[in-house]
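Residue-level structural notes
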Amino acid sequence: MLGERMEKALCGQITAELYSSYLYLSMSAWFSSQDLNGFANWMRVQAQEELVHAMKFYDFIVSRNGRVTLNAVEGPPTDWASPLAAFQDAYAHEVKVTGLINGLVDLAIDERDHATKVFLNWFVNEQVEEESNTSTLAGQLKVMGDASGALFMLDRELGQRVFTPPAPTEQTA
Ligand code: FEO
């Protein structure tokens, strides 16, 4: 059984993950408008992964006999000055999400909610990857500067990213 504070905080994280999805979908749309279809693909896959994150929280709350209540999802920005600016925003956003996950872990410890703490381990690890991916790509874009040849090569590479749906057993992992 989930405590009231923990339940509310986990529901809040569903909203945060849905916002992440919304943000990356908006970035995907912006990259499409710039004819950078590989970048658009990468962001679209990222948006799909964020939906999976949201549903992991959703399923966990349900499995603990909690009650899911959904909040309003804020609208994301729609324009970026450059691919670099978009990835810098993506990295800053992931750092923020890491802070939210850490806050949930602190609360789980505070509430002596061991099941939630174990559940959150997956997200603690995932955030290391999320920060690293966005920071690496922002770094590469910074090094490239105005070299359009390098940008198109990276675009081609990012076009290879494929969304892999999680196995059913991972849904509540
Ligand atoms: Fe759900 Fe990008 O972390």
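Residues numbered from 1 in each chain as written. Predicted model: local features only at pLDDT ≥ 70, side-chain atom pairs only at ≥ 80, totals over all residues. Heavy atoms only, no water.

Focus on the pattern of salt bridges
Taken as a whole and judged by the stated rule, the model has four salt bridges. Note that R5 and D110 form a salt bridge whose closest N and O atoms lie 3.9 Å from each other. Placement of R5 in helix α1 (residues 4-33) and of D110 in helix α3 (residues 83-110) is noted, with a sequence separation of 105 residues between them. Residue R5 is classed as partly exposed on the basis of its relative accessible area, which comes to 49%. Note that R161 is salt-bridged to E49, the shortest N-O span being 3.5 Å. A residue pair is termed long-range when its members are at least 10 positions apart, and R161 in the segment after α5 (148-158) and E49 in helix α2 (residues 37-63) qualify at 112 residues. According to the relative accessible area criterion, E49 is partly exposed, its value standing at 21%. (Salt bridge = Lys/Arg side-chain N within 4 Å of Asp/Glu carboxyl O. Helix = DSSP H or I, 4+ residues; strand = E, 2+ residues; numbered from the N terminus. Buried < 20%, exposed > 50% of the residue type's maximum accessible area, 1.4 Å probe, protein only.)

Re the side chain of H93
With respect to the secondary-structure elements, H93 resides in helix α3. Among residues more than four places away in sequence, those in contact with H93 are Y19, S20, L23 and Y24. (Contact = heavy atoms within 4.5 Å.)

Concerning a nonpolar patch on the surface
Nonpolar side chains collect at one region of the surface, where M55, Y58, V62 and L70 lie side by side and expose about 360 Å² of accessible area between them. Assignment of secondary structure puts Y58 in helix α2. (Patch = residues over 30% accessible without salt bridge, like charges linked within 9 Å, V, L, I, M, F, W, Y side chains within 5 Å. Areas by Shrake-Rupley, 256 points an atom, 1.4 Å probe, with all protein chains shown as cover.)

Some points on the packing of aromatic side chains
Enumeration over the complete set of coordinates arrives at eleven aromatic pairs. Between the aromatic rings of F57 and F119, the centroid separation amounts to 5.3 Å while the plane-to-plane angle is 85°, which identifies the pairing as edge-to-face. Taken together, the residues span a long stretch of sequence, with F57 in helix α2 and F119 in helix α4 (residues 114-144) at a distance of 62 residues. For F119, a relative accessible area of 4% translates into the label buried. (Phe/Tyr/Trp six-rings, centres within 6.5 Å; stacked < 30°, edge-to-face > 60°.)

A word on the environment of F31
With respect to the helices, strands and loops of the structure, F31 is situated in helix α1. When the C-alpha positions of F31 and M43 are compared, they lie 8.5 Å apart, and in sequence the two are twelve residues distant. Residues contacting F31, with those up to four places away along its chain left out, are L36, F39, A40, M43, P83, A86 and F87.

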